[in-house]
Amino acid sequence: MALLSPAPRLVAVLGPTNTGKTHLAIERMLGHRSGMIGFPLRLLARENYDRIVKLRGSRAVALITGEEKILPPNPSYFVCTVESMPLDRPVDFLAVDEIQLCADPERGHVFTARLLHARGLAETMFLGADTIKPLMRRLVPEFEHISRPRFSTLAYTGHKKVTRLPRRSAVVAFAVADVFSLAELIRRQRGGTAVVLGALSPRARNAQVGMFQAGEVDYLVATDAIGMGLNMDLDHVAFARIGKFDGRGPRRLTAAEIVQIAGRAGRHMSDGTFGTTAEQGPLAPEIVEAVENHRFDPLTRLNWRNTDLRFESIEALLKSLDQRPTRPGLVQAREADDHRALQALARNHEVRELARHRGAVRLLWEVCQIPDFRKVMTESHTRLLALIYGHLAGPAERLPAPWIAAQMANLDRIDGDIDTLMARIAHIRTWTYITHRSDWVEGAAGWQERARGIEDRLSDALHERITQRFVDRRSAFLVRRLASDDELAASVSATGEVRVEGAFVGRLDGLHFVPDAIDGIEMRMVNAAANRVLRSAIAARARMLATDADAAFSLDSTGRVCWRGGVVGRLVAGERLLAPRVEAIAGDFVEGDVRDSVRRRLAAFVRAEIERRLAPLFALSALSLGGAARGLAYQLSDLLGSLPATTVAREVAALDRADRAAMSRSGVRFGAEMVYVEPLLRPDAMRLRALLWAVRQGRAPPPLPVARRLSKAFATDPSLPAAFYTACGFYVGGGLALRADRAEQLAASARRRARHGAFAADDRLLQLAGVDPPGLRRLLTSLGYRAVIDNGAESFVARPRRREAAPGGAAAAPRDGHPFAKLRELKLA
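Residues numbered from 1 in each chain as written. Predicted model: local features only at pLDDT ≥ 70, side-chain atom pairs only at ≥ 80, totals over all residues. Heavy atoms only, no water.

Asker: Could you give me a rundown of the overall build of the protein, with the residues and numbers involved?
Answerer: What the protein contains, in helices and strands, is 29 helices and 34 strands. Here the protein has a C-alpha radius of gyration of 45 Å; the compact-globule value for 829 residues is 28 Å, and the former is much larger. Counting only C-alpha atoms and orienting by the principal axes, one finds that the protein spans roughly 155 × 75 × 50 Å. Going through the 829 residues of the protein one by one, you find that 50% of them count as buried. Carbon and sulfur atoms make up 51% of the accessible area of the protein, which totals about 38,600 Å². Here the protein contributes 119 positively and 94 negatively charged side chains, and the mean placements of these two sets differ by 5 Å. (Helix = DSSP H or I, 4+ residues; strand = E, 2+ residues; numbered from the N terminus. Rg over C-alpha atoms; globule rule 2.2 N^0.38 Å. Buried < 20%, exposed > 50% of the residue type's maximum accessible area, 1.4 Å probe, protein only. Areas by Shrake-Rupley, 256 points an atom, 1.4 Å probe, with all protein chains shown as cover. Lys, Arg positive; Asp, Glu negative; His and termini not counted. Charge placed at Lys NZ, Arg CZ, Asp CG, Glu CD.)

Asker: Describe the sheet that holds strand 32 (residues 736-739), naming the residues involved and giving the relevant values.
Answerer: Spatially, the three strands line up as an open sheet ordered 30-32-31, and their pairing is antiparallel. Among the strands making up the open sheet, the edge pair consists of strand 30 (714-715) and strand 31 (730-733). Pairing of strand 31 with strand 32, which is carried by four bridges, proceeds in the antiparallel orientation. Residue glycine 733 lies in a different strand from strand 32, and its bridge partner there is leucine 736. Together, strand 31 and strand 32 form the strand contacts of helix 26 (residues 740-754), whose direction differs from that of strand 32 by roughly 95 degrees. (Pairing = 2+ DSSP bridges. Contact = heavy atoms within 4.5 Å. Axes fitted to C-alpha atoms, helices over the stretch in contact; angles between N-to-C directions.)

Asker: Go over the sheet that holds strand 24 (residues 560-563), please, and point to the residues and values.
Answerer: Strand order in the open sheet made by the four strands is 23-24-25-26, with antiparallel pairing throughout. Edge positions in the sheet fall to strand 23 (553-555) and strand 26 (579-584), since each has one partner strand and no second. The average angle at which neighbouring strand axes cross in this sheet is 30 degrees, direction not considered. Across five bridges, the pairing between strand 25 (residues 566-576) and strand 26 is antiparallel. The residue bridging leucine 571 from the neighbouring strand is valine 582, located in strand 26. Contacting strand 23, strand 24, strand 25 and strand 26, helix 19 (residues 592-613) crosses the sheet at an angle of about 145 degrees to strand 26.

Asker: For the pattern of salt bridges, give the residues involved together with the corresponding values.
Answerer: Under the defined criterion, the tally for this structure stands at 51 salt bridges. Across the pair arginine 437 and glutamate 366 runs a salt bridge, and its minimum N-O distance is 3.0 Å. One end of the pair, arginine 437, is in the loop between helix 15 (418-435) and helix 16 (444-470); the other, glutamate 366, is in helix 12 (residues 358-368), and 71 residues separate them in sequence. You can call arginine 437 buried: its relative accessible area is 19%. Salt-bridge contacts for arginine 499 lead to glutamate 497; the nearest nitrogen and oxygen are separated by 3.1 Å. On the basis of relative accessibility, which here comes to 31%, the residue glutamate 497 falls in the partly exposed class. (Salt bridge = Lys/Arg side-chain N within 4 Å of Asp/Glu carboxyl O.)

Asker: An account of the pairing of strand 13 (residues 236-239) is needed here, citing residue identities and associated values.
Answerer: Here strand 13 shows two buried faces, one formed by His236 and Ala238 and the other by Val237 and Phe239. Taken together, the four bridges between strand 10 (residues 169-172) and strand 13 define a ladder with parallel strand orientation. Each bridged residue has a counterpart across the sheet, and for valine 172 the counterpart in strand 13 is phenylalanine 239. Direction of pairing for strand 13 relative to strand 16 (residues 272-277): parallel, over a ladder of four bridges. The residue bridging phenylalanine 239 from the neighbouring strand is threonine 276, located in strand 16.

Right, here's the structure in full:
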């Protein structure tokens, strides 16, 4: 008696995420001589293709997706996206993953068609969530149902701030703008995050997930794209939103949709948690209970679209697409992209002229199925489809190679921001799909290789841009290491760079640690890590500083004392202008005797530096002088080397010839307007004098002109007293400051001219003052001259002076003469 062959087995393996359904299906498929399995994503198809190739070899396995085809001569197994399954090829085993997507408004009709019609010769297996079980029983009652329990538990932990989320967390939002803002926040607070969007190419998405899996970052911010096809070592999923736009309007996620995403947390035997974050409040108790216990409302309808299409005409095709289902539990699918594309092209007169027979209408429908990976079905995509159809329905029946080349060349650029690169990737993925139609293009393999190369380059550039924007690798590394209990390695280089675990965290500026600003790390954490090595390093530096030579130190223009390039102290007001105090700038590790020795060494350097740069003042103080001369020398020394002549007229008049000569040899000049130490009019000395005055006043040093301008008059700052300019070595008059020696030369030239009556402001006077005529007028006026106009020409005459009582009742000398005329006469005699 002949043996009857067993009836094909129909199995539905249903259960939550992390139940090993996919592993079971692949294991069952490889137990048959041939098989085919459909996945909802190209990414999943490629991942499982690679797994099966390792088990059976590349000659036994084919990969078929809309954008990639790897077809060995006689493959035993086919790994596909659901839309790309070659159902005309009989196989012993057939499986479809995520069969609950029959209810998806966009793609559900494809999954429903597989549920109703796709079968293996020996075994058919559908994998998915329990929510489809009641409808599956009604529509395909012969199916055997197997429930799979989750390997691990999923627990709700409530709401947490983004900055308080545990490591190995995923944050879920649904708008790209929200994803980016959350990623920016995590970068600032935690060093960085991976980013996963549905718009990323598989290569870019894998690179981002790979970064997370490798531990380079501890956080991932994503859309619901992580809900399918991404197996990661996630411990926690936090929803920043539970509302999304589904193509028609905003709506809240169902409990089943929440668990599909939250179920990414906890893999195999590791438990996972989920909760909310950011502006999303806590989940409702009934939602939490449903997710934790995996009890969800069953699906009540599946999306269906007629698969028995008619191609007699465009109208017949549209009518067959609009056919409604007759079986309970099925509803007509929302118009998909291909349907909308057909409706748009049906209004194109040129397209209608070409689509006049069954073959042309079938070709038009195939063209309408070219995907728009931007998911916006813009007019530009419709125009592209019309062009493609025009070429394919024309005499050549092929797409012109130069046109394809030009289209791809426009996309082969890696400049631009994240949005620009994502748009280019969407475009090139469309061309990848087109070039896999070998009946549409000549040399399809070459075009496929070129399109794949462009997509890879764009994907790598996109991954780099995302990483640059949302990951600080140093911060992410340090966050992980600082959070661990392991002993951290810290070091200080010879140049003062402080490193923790090899990462630069700051530098020693003299004896003070300056931490580097590191996103995602609190300064106290950096300081705590660096302190492990800083105490001994800074103490050793302090001991070196205390014995170092003066050549190792410097005093900058702001009053900071530097040692070997680092700031170690600053000048503060002392009892005298020439004797500022030094305040050490050192960290907490410089204490006790060491700190005192540092302070003494800095004070010794500053004293020596002032004595070196203002040496004539100290030489003047050391002279053996009589009473009047000694008092004048003290005043010059105490006021940094310059005095208005009128304030010391009595002291100057009282000088004897020997003291005057001694002071003159030391560089003191007795002018009509100023008494000053001439060697201290060098730019370096004048800037130090400005600094010492500012330190005594407790303010920042006022700016002086550049060196080459110091000999020319310049406008004074109204907020500064005249004493500042005098201390620096300037004569002040008419709102201008002029270096003392130049002021004396100008005054002497004016006096010589005034002896002969009125005089004009000639080039020599202008040159001495270094100003324009109005400025010279102001200076001459301050020197005691009056401007007069005669026949339109300006000249100057000495202003008559009344005799004023000098201090102590003595009569002051007239200004148009010389206040020290008597002394001059004695000297000449």
